Amino acid sequence: SAADKLKAGVMETAHTKAATEMGMEGCGLPILQHGSLKICQSAAIQDYFVAISPNYPPVSPSQKATDDMFEGYLEDCMGVGAGILLSGVDGSMMVKVMEKTMTHLTKYIPNGGFVNGFNAPTKADLVVLILTQALIPFGATLDGYDFGEKFPAAKALGERTAAFPAVASWLT
């Protein structure tokens, strides 16, 4: 969180050195450099990739809002995970936050296909993939949590998204 960053003060790490060398001192992870563009912040980077991806489905304003809602939940969960890994926040918080998040998001997850009804995943589907399969911070803070037990639709969506050819090629 921003409060944790202020409390920690100035830190020198491999990340901060690399960010300074890129002219991005003071920014957090992730950082994207694409040609002359240099940006940070997850939402900005995700929106940029969506905008430049020629095969990304043409989402309507309501579908974009759904994608952005999922993205917001991802950021909330990432903040808790980072707090656990970097600041010593109680690790049991991750399960509580993840279950609250998944309880809400599963209302939008179809039994087959993807959240926004396209034949390809959008940000919402990719968020579920990240929440259910990413090692950092989720795998590292959920200690073997079984999404299939409480949230089988989310687990299945994560698997469908990971199996989508364009996504699978990035994962391997």
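The preceding data block contains the structure.
Now for a look at the structure at hand. Note that the structure is a prediction, hence the values are computed from the model and not measured. Each chain has its residues counted from 1, following the order in which its sequence is written. pLDDT decides what is reported in this predicted model: residues at 70 or higher carry local features, side-chain atom pairs at 80 or more are listed and counted, and totals for whole chains, interfaces and linings draw on all residues regardless. Working from all heavy atoms in the structure, the side-chain values ignore hydrogens and water.

When a carboxyl oxygen of Asp or Glu is within 4 Å of a side-chain nitrogen of Lys or Arg, the pair counts as a salt bridge. In total, this model carries five salt bridges according to the counting rule given. Linking Lys123 and Glu71 is a salt bridge whose minimum nitrogen-to-oxygen distance equals 3.0 Å. Of this pair, Lys123 sits in helix H6 (residues 123-133) while Glu71 sits in helix H4 (residues 61-87), and the two are 52 residues apart along the sequence. By relative accessible area, Lys123 is classed as buried at 6%. A run of H or I in DSSP becomes a helix once it reaches four residues, and a run of E becomes a strand once it reaches two; helices and strands are each numbered from the N terminus. For the exposure calls, accessible area comes from a 1.4 Å probe over protein chains only, and a residue counts as buried if that area is under 20% of its type's maximum, exposed if over 50%, partly exposed in between.

For residues other than glycine, phi is negative in most cases, and the peptide bonds are mostly trans. Cis peptide bonds are those with omega within 30 degrees of zero, and the linkage from Ile136 to Pro137 qualifies with 0°. Structurally, Pro137 is set in helix H7 (residues 135-142). Within the chain, Asp143 stands out as a residue other than glycine whose phi angle is a positive 50°. In this fold, Asp143 is placed in the loop between H7 and helix H8 (147-150). Of the residues examined, Asp143 reaches a relative accessible area of 74% and is grouped as exposed.

On to the packing of helix H3 (residues 42-52) against H4, then. Packing of H3 against H4 leaves a shortest axis separation of 11 Å and a crossing angle of 145°. Here H3 and H4 pass one another in a crossing that is right-handed. Contacts between H3 and H4 involve Ser42, Ala43, Gln46 and Asp47 on the former and, on the latter, Lys64, Asp68, Glu71, Leu74 and Glu75. Charged residues are taken to be Asp, Glu, Lys and Arg, nonpolar residues to be Ala, Val, Leu, Ile, Met, Phe, Trp, Tyr, Cys and Pro, and polar residues to be all remaining types, Gly included. A per-class count over the contact of H3 with H4 returns two nonpolar, two polar and five charged. Working convention: axes come from line fits to C-alpha atoms, limited for helices to the stretch in contact. Angles between N-to-C directions cover 0 to 180 degrees. Should the near helix be turned anticlockwise from the far one by less than a right angle, the crossing is left-handed, and should it be turned clockwise, the crossing is right-handed. Here, two residues are considered to be in contact whenever any of their heavy atoms come within 4.5 Å of each other.

Before going further, it helps to examine the packing of H4 against H6. Closest axis-to-axis distance for the H4/H6 pair is 8 Å, and the angle between their directions is 25°. Taken as axis vectors, H4 and H6 run roughly parallel relative to one another. Here H4 runs over H6; the crossing is left-handed. Within the contact between the two elements, H4 uses Asp67, Asp68, Phe70, Glu71, Leu74 and Cys77 and H6 uses Lys123, Ala124, Val127, Val128, Ile130 and Leu131. In terms of residue class, the contact of H4 with H6 is built from eight nonpolar, no polar and four charged. Note that the term roughly parallel is reserved for angles under 35 degrees, roughly antiparallel for angles over 145, roughly perpendicular for angles of 65 to 115, and oblique for everything else.

The next point concerns the pairing of strand S1 (residues 31-34). At least two DSSP bridges between two strands are required for those strands to pair. Strand direction decides the pairing type here: S1 and strand S2 (residues 37-40), joined by four bridges, are antiparallel. Note on S2: the bridge partner recorded for Gln33 is Lys38. If you look at the hairpin formed by S1 and S2, you'll find two residues sitting between the two strands, and Gly35 has a positive phi there, around 65°.

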